[in-house]
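# Structural features, examined
Residue-level listing of the chains:
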Amino acid sequence: MADHVYKKIELVGSSPDGIEDAVKNALTRAQKTVRNMRWFEILETRGYLEEGKIAHWQVTLKVGFTLEG
């Protein structure tokens with residue numbers, strides 16, 4: 001098994017539909033330009049309120065991917 005070297009990037013995904021959709025939106029968009037994504041961790045979750053109701057979610061993620069040799 002070859003040694004792996006990883007790099008981490010930070011992303012912020014958003015969605016009016018919930019935390020899971022915010023995560024999926026961030027990963028789906030990143031996948032268009034970042035190859036070899038392997039894992040993610042959620043660092044922070046925020047919500048935006050309008051008239052006392054949840055209007056939007058934001059989730060900050062760190063995503064790890066393997067560097068190409």
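Residues numbered from 1 in each chain as written. Predicted model: local features only at pLDDT ≥ 70, side-chain atom pairs only at ≥ 80, totals over all residues. Heavy atoms only, no water.

Below, the discussion takes up the pairing of strand β2 (residues 37–50). Here 12 bridges tie β2 to strand β3 (residues 53–66), and the two strands are oriented antiparallel to one another. Its bridge partner lying in β3, Y48 is registered against H56. Two successive antiparallel strands, β2 and β3, enclose a turn made up of 2 residues, where E51 displays a positive phi of approximately 55°. (Pairing = 2+ DSSP bridges. Helix = DSSP H or I, 4+ residues; strand = E, 2+ residues; numbered from the N terminus.)

A word on helix α1 (residues 19–30). In an α-helix there are 3.6 residues to a turn, and that puts residues three or four apart on one side. Here α1 contains 12 residues, and its C-alpha end-to-end distance of 17 Å stays within 8% of the 16 Å for a straight helix at 1.5 Å per residue. Looking only at α1, the buried set comprises A22, V23, A26, L27 and A30. Viewed end-on, α1 has its buried residues packed into an arc of 125°, placing them on one side of the element. Summarising the contacts, the buried residues of α1 are in contact with β1 (6–15), β2 and β3. (Expected span 1.5 Å × (residues − 1). Buried < 20%, exposed > 50% of the residue type's maximum accessible area, 1.4 Å probe, protein only. Arc of directions from axis to C-beta. Contact = heavy atoms within 4.5 Å.)

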